[in-house]
Amino acid sequence: MPVPMLDVRRQNGALEGELREAAARVIVSGSYILGAEVESFEAAAAAVAEAQFAVGVSSGTDALLVALMALDIGPGDEVICPSFTFFATASSIARVGAKPVFADSLANSFNLDPAGLEARITPRTKAVIPVHLFGQPSDLRRIFEIAGKHGLRVIEDAAQAFGAEYEGRKVGALGDCGTVSFYPSKNLGGLGEAGLLLTNDPRIADKARLLRNHGAERQYFHSMIGGNFRLDAMQAALLAVKLPHLEEYTRARQQHAARYGELLAGLADSVATPQSLPERSHIMNQYTIRVPGMRDALRRHLAERGIGSAIYYPLPLHRQECFARFGPQPELPVADRLAAEVLSLPVFPELTAAEQDEVVGAVRAFFCAQWARTPSPPC
Ligand SMILES: *Cc1c(COP(=O)(O)O)cnc(C)c1O
C-alpha cells in the first residue's frame, strides 16, 4: 500500500462544505485583500497563540522580513540563526541587508544550541532567530538570558510550531516578536500562501501593519518603505474555518508520534526517534528520525514501496552557495551530521494506523535485510 508523505486533501475534504461557504462569502463580499475577514482571523489566531497582536501577512517568509524590518535591522547588523533550518530563516536576514551568522544545533532537539549562539555574538549582533524546528520549542530560557545579557532582540521563527508551548506558555510572542507560516505543509495549513507576525509590543504591531502595506499611513502617503506583504481575505476566511480544529490536528500528530516511538523502539540501534524535551510541548509538525550511515538507502527503500518521506534539510545553510559572499563559514559539525542523517516520516493528522504500520513494516524490513548479512541476525 502506498503511503503519502502528506495528503492535504483528506483534511480539507473533511471541511469542504464549510470551506466552500467561507470562499463564497469572500467572493460575494468584493473585499479580497485585508479587511474584515483578515481582522477576524487575526483576532482568533492571536487568541490561540496567547499573543496580544497578530498581523496577517502573505507568507511565513514575509513575516520574517516584516519582523526584521520592524526591528530596524539592516546593513551593518548581524543576526544569528541556526544553520540547520529552512532557508527563509536566513535569507530574510540577508534580504534586509544584514549578515546571517550561523550557529550550530543540538542533536537531541534539532534546535539552536545556546552555547553556539553565545559564541557567535559580536558587537554588531542585533538579534537572534531561534527556530522551533519540526514543532518543538527551542531552549528559550537560555536564549532569552543570553539575549538579555547582550542586548539582542529575539524573533521566534514559529513557522512549524503554531500553538506549541514552552514552560506552559504559547510560543511566538515570547520574544520581541515571532513568525508563523500557514503553508499547506505546516501544522495549520492554508489553501495557499499565508503567514502571521505575533507580538505583545504595540509599537512592533503598528509598524508591522504599516510595513506589510508599503509603509503607507494612508494610501499613497508613505512614512516608511515597506512592501506588499498583505494577507488575502480568501486565505484568512479559509484558515478561520480550520483554526478551531488545530488542537485536534495536534493531538493526532502527537498520537502518531507516540505510536511510531513504540513501533520503532526495537530498532533503537539503527534509528534515533525524536526526543520530546521537558518543559515544552512538541506539536510534531514533522516526525524526524535520524538514521546514521543509511539514511539515503532507507529513503530509496521506502520510495520503491511507494512510501513517502522527506529530508528536511539536506544541506545546512552555512554551506549554501548563496551565502558564500558573507565570507568563510564556521565548522558546524552537528548541523552537518543532522543534514546527513535526518529523515521525516509521514505524520499528518489523517494518517491511518494501517498506513503507519506499512511505514514501520517497510523500515523494519530494510534493517532486517541489513542485519541478515551479520553473524547473528536479530530478525
Ligand atoms: C515554512 C518555513 C518558513 C517560511 O514560510 P513560508 O510560508 O513557506 O514562506 C520559515 N521558516 C521555517 C522554519 C519554515 O519551516
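Quick look at the sheet that holds strand 3 (residues 99-103)
And step 1. Here 7 strands make up an open sheet; going across it, the order is 1-9-8-5-4-2-3 and the pairing mixed. The open sheet terminates on both sides in strands that have one partner only, identified here as strand 1 (53-57) and strand 3. For this sheet, the mean inter-axis angle between neighbouring strands, taken without regard to orientation, is 25°.
And step 2. Strand direction decides the pairing type here: strand 8 (residues 177-181) and strand 9 (residues 195-199), joined by 4 bridges, are antiparallel. Bridge assignment links Thr179 to a residue of strand 9, and that residue is Leu197.
And step 3. Of the strands in this sheet, strand 1 and strand 9 touch helix 3 (residues 36-48), which is tilted by about 130° from strand 1.
And step 4. Packing of helix 5 (residues 87-95) onto the sheet brings it into contact with strand 2 (78-82), strand 3 and strand 5 (153-157), and relative to strand 3 it is tilted by some 150°.

Section: the pairing of strand 3
Where a strand is regular, its side chains alternate between the two sheet faces.
And step 1. Within strand 3, 4 of the 5 residues are buried, which leaves the element mostly enclosed by the surrounding structure.
And step 2. With 5 bridges joining them, strand 2 and strand 3 adopt parallel strand pairing. Residue pairing for strand 3: Cys81 is matched across the bridge by Phe102.
And step 3. In this view, the connection linking strand 2 to its parallel neighbour strand 3 by way of helix 5 has right-handed handedness.

Considering the side chain of Ser59
And step 1. Relative to the helices and strands, Ser59 resides in the loop between strand 1 and helix 4 (60-70).
And step 2. Ser59 sits in the buried class, given a relative accessible area of 11%.
And step 3. Side-chain polar atoms of Ser59 contact the backbone nitrogen of Thr61, separated by 3.3 Å.
And step 4. In this view, Ser59 contacts Glu193, Ala194 and Gly195; residues no more than four positions away in its chain are not counted.

Details of the site of the ligand
And step 1. Near the ligand, the surroundings consist of 15 residues, among which Gly60, Thr61, Gln160, Ser181 and Lys186 are the closest.
And step 2. Between the ligand and the protein, one listed contact pairs an oxygen atom with a backbone N or O atom of Gly60 at 2.8 Å.
And step 3. Considered on its own, the ligand offers 390 Å² of accessible surface; in the complex 93% of this is hidden by protein.
And step 4. More than half of the atoms of the ligand fall within 2 Å of the grid points belonging to the largest pocket.
And step 5. The set of elements that each furnish at least two residues to the shell around the ligand consists of helix 4 and helix 5.
And step 6. Partitioning the shell around the ligand into residue classes produces 6 nonpolar, 7 polar and 2 charged.

What counts as what
- Residues numbered from 1 in each chain as written.
- Predicted model: local features only at pLDDT ≥ 70, side-chain atom pairs only at ≥ 80, totals over all residues.
- Heavy atoms only, no water.
- Pairing = 2+ DSSP bridges.
- Helix = DSSP H or I, 4+ residues; strand = E, 2+ residues; numbered from the N terminus.
- Axes fitted to C-alpha atoms, helices over the stretch in contact; angles between N-to-C directions.
- Contact = heavy atoms within 4.5 Å.
- Buried < 20%, exposed > 50% of the residue type's maximum accessible area, 1.4 Å probe, protein only.
- Right-handed = clockwise from strand over helix to strand, strands pointing away.
- Polar contact = N/O pair within 3.5 Å; in protein donor to acceptor, adjacent residues only side chain to side chain.
- Near = heavy atom within 4 Å.
- Areas by Shrake-Rupley, 256 points an atom, 1.4 Å probe, with all protein chains shown as cover.
- 1 Å grid on protein atoms, 1.4 Å probe; cavity = no way out; pocket = protein on both sides within 12 Å on 5 of 7 lines; lining within 4 Å.
- Sits in = over half its atoms within 2 Å of the grid points.
- Nonpolar A, V, L, I, M, F, W, Y, C, P; charged D, E, K, R; others polar.

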